[in-house]
Structures are given as structure tokens and as C-alpha cells.
Amino acid sequence: MLDVVELLARSGSSRPRFSDIVRELDLTQATAHAILKTLCDRGWASRDPVAKTFTLGPALAVVAARTDTARPLAHAARSAALRLSREVGYACSVVERFGDSLVVTAFEGEPATPPSGIPGDRIPYAPPFGVAIAAWDDEEEQRAWIRRGAGSNPDRTRRLERVLAHTRERGFDVDWTTPALAQAVRVVGTLDSDEMPTPVRHIVDQLLVEFTTIGFLSDDNPGRRKQPVVTIAAPVFDERHVTMMVAVHPLCPLSARQIRVIGKQLTDETAAINLAPPRPDTVDRAV
């Protein structure tokens, strides 16, 4: 049932029909019909009787209205993303960590090209994704993040360790990993190297070394020509742990100076969230 709600949330203005839901979620018609009837009866989904399409229902507005109170940190991050989008002129997003996944929970502004993720999309919390979270995660979680991208390859491990250290020193993540490169990482990462001849396995291992770190070129050389920047991201903390990141998506070539200026604006916003005192309503509930 939740898969159907998430699909309707991701669809936006593109409203799916019954057949689209069956196909996208690989459901039987009977199962899809039962789920959609329940959602419509409860007001969580609505069906257009003329177009025969489905959208989120009015009952979810009640849930959405409670979000700001129940999740003040996420609300603050989304407000920061909205301000940043207006200030820097690029689309911005909020990405939260849930277990071993990253979920896009907000997207503000109009991207120059289609973004790699929209609200509701899940991506693995593994290299090259989530550097702005992993760089400030605890040591055990950092090792797990590196292991998911490096396996037992020592070269890949060392390079990812340097990526995290450099990101912490800079204060924010800069990523040149294009959507096409990210897709290549996923495809190569699914290959079973144990079943390959040794020369091919070595090639695949080297590809993964390059793929998982090529997006993290150094931006500290003032003489470097402009490079197409996909994401500039900084972490957001709860009382002790990093839980999400706010990201700017230029999707265009930037100079080192432009990256630093945007990074300063971004970290000013995230620092304000991290230093903000708890809201009274959350304190009252905790007492």
C-alpha cells in the first residue's frame, strides 16, 4: 500500500492510470484494485472518473499539516533549501538518511536539466552517494559506507577515506558525478567479479575505483578551469548525529571561487539549523 502512495507522490502532475500502477509496481490487477479502493475510501487517494487517473487524496493534507510540528528539523532544512534556491538561482534539495538508503524529501526551484532525484526517490547510502552525510558520520558508519563502495579493494578504500577527509576539511561536499556516471556505478556494482576471469575482474575493480571517486575532483586549485558541478551539499545534525543534507544543484560549469561562495552560503544555512534551539512544542513532548 505504501508503495502505491509513494508512486502517486512521485508522479506529480503526471497522473497514473490503473494500468500504469499495475505495471510500475508489478502488482496483480486484483491486488492493485484492492489497494486503490482502500486508499480512495480513506481519502488517501482520489480517482478522476473521467480521465480514470489517480492522485493523492485530501486526507493526506492532514498528515502534511502535521509534518512541520512532528519533524521540525526537516522543516527547517526545507526552508533553508527554499531560501538558498532563491539566493543562488539553482535548484536545491533535502536528502535524508533512512538506514542504508537516502531519500529525497524535498526539492525546491527549477533545475536547468531534469534532476537525478525527485521527492520520494531512494538511492543507496553507498559511494558515490551521500558523501556530505558520510564525512560527518561516526567511524563505524563511515567504515560501513566505504565498505559498500570499496569491498575489500584497498586502493578504493584509501581513495574514499581521502574523499571523506577532504570533504570534512572543506566543510561541504562538491560532486561532479553526473546521472549517467551514477547509473554506470550501479550497473558495474551489480557484476559478480568472482565469476569473471582474472584479467576482466581486475578491469572491473579498477572501473569501480574510478567510478566511485571520479566525481570528487579537487576544487581547491584556483587556476583550474570551470568544471560542471552537479551537487554542492552540507550536513544537518540533530542533537548529536548527522541525519540529512541540504544540497544545491548548479548543473553547470563553476569556477573554484563560485563553488566557495555557494558553499559559504550553504554552510551558513546549515549551521543556523544545527545551532537552532529545540522548538517549544518538541521540548514539551520530550518532558
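For the structure, see preceding data.
Attention in this report is confined to the structure presented alongside it. Just so we're clear, the structure is a prediction, and the values are computed from it rather than from any experiment.

**Structural notes on the overall build of the chain**
- Check the secondary structure of the chain and you find 12 helices and 10 strands.
- In the chain, the share of contacts with a sequence separation of at least 24, taken over all contacts with a separation of at least 6, comes to 59%.
- About 15,800 Å² of surface is accessible on the chain, with carbon and sulfur atoms providing 55% of the total.

**Topic: the pattern of salt bridges**
- For the structure shown, the criterion picks out 10 salt bridges.
- With its nearest N and O atoms 2.3 Å apart, the salt bridge here joins arginine 71 to glutamate 96. Residue arginine 71 is located in the loop between helix H4 (59–70) and helix H5 (72–88), and its partner glutamate 96 is located in strand E3 (residues 91–98); the two are separated by 25 residues in the primary sequence.
- One salt bridge connects arginine 78 with glutamate 108, and the closest N-O pair in it is separated by 2.7 Å. With arginine 78 in helix H5 and glutamate 108 in strand E4 (residues 101–108), this pair connects stretches of sequence that are 30 residues apart.

**So, the environment of methionine 244**
- You can see methionine 244 is positioned in strand E9 (residues 242–249).
- Owing to a relative accessible area of 4%, methionine 244 belongs among the buried residues under this scheme.
- Excluding residues that lie within four positions of it along the chain, methionine 244 makes contacts with Leu73, Ala74, Ala77, Val94, Val95, Glu96, Ile133, Ala234, Pro235 and Val236.

**A look at helix H8 (residues 154–170)**
- Here H8 is 17 residues long and its end C-alpha atoms lie 24 Å apart, about the 24 Å a rise of 1.5 Å per residue gives.
- The complete set of buried residues in H8 reads Arg156, Leu160, Val163, Leu164, Thr167 and Arg170. The arc enclosing the buried residues of H8, seen along the axis, measures out at 130°, which places them on a common side. When the buried face of H8 is taken as reference, the exposed residues oriented beyond 90 degrees from it are Arg162 and Glu169.

**Quick look at the packing of aromatic side chains**
- Going through the model one piece at a time under the given rule, you end up with 0 aromatic pairs.
- The ring of phenylalanine 172 carries the charged tip of arginine 170 above its face, separated from the ring centre by 5.7 Å.

**Examining the sheet that holds E9**
- Across the sheet, 6 strands lie side by side as E5-E4-E3-E9-E8-E6; this open sheet has antiparallel pairing. Unpaired on one side and paired on the other, strand E5 (122–124) and strand E6 (173–175) mark the two borders of the sheet. When the angles between neighbouring strand axes are averaged without regard to direction, this sheet yields 30°.
- Note that E4 and E5 share 3 bridges and pair antiparallel. Paired with serine 101 across the strands is proline 124, a residue of E5.

**Observations regarding the pairing of strand E8 (residues 231–237)**
- Within E8, 6 of the 7 residues are buried, leaving the element largely enclosed by the surrounding structure.
- Relative to E8, E6 runs antiparallel, the two being bridged by 3 bridges. By the bridge assignment for E8, aspartate 173 is matched with alanine 233.
- When E8 meets E9, the two strands line up antiparallel, connected through 6 bridges. Pairing of valine 236 across the sheet is with methionine 244, part of E9.

Rules and cut-offs
Residues numbered from 1 in each chain as written. Predicted model: local features only at pLDDT ≥ 70, side-chain atom pairs only at ≥ 80, totals over all residues. Heavy atoms only, no water. Helix = DSSP H or I, 4+ residues; strand = E, 2+ residues; numbered from the N terminus. Contact = heavy atoms within 4.5 Å. Areas by Shrake-Rupley, 256 points an atom, 1.4 Å probe, with all protein chains shown as cover. Salt bridge = Lys/Arg side-chain N within 4 Å of Asp/Glu carboxyl O. Buried < 20%, exposed > 50% of the residue type's maximum accessible area, 1.4 Å probe, protein only. Expected span 1.5 Å × (residues − 1). Arc of directions from axis to C-beta. Phe/Tyr/Trp six-rings, centres within 6.5 Å; stacked < 30°, edge-to-face > 60°. Lys NZ or Arg CZ within 6 Å of the ring centre and 35° of its normal. Pairing = 2+ DSSP bridges. Axes fitted to C-alpha atoms, helices over the stretch in contact; angles between N-to-C directions.

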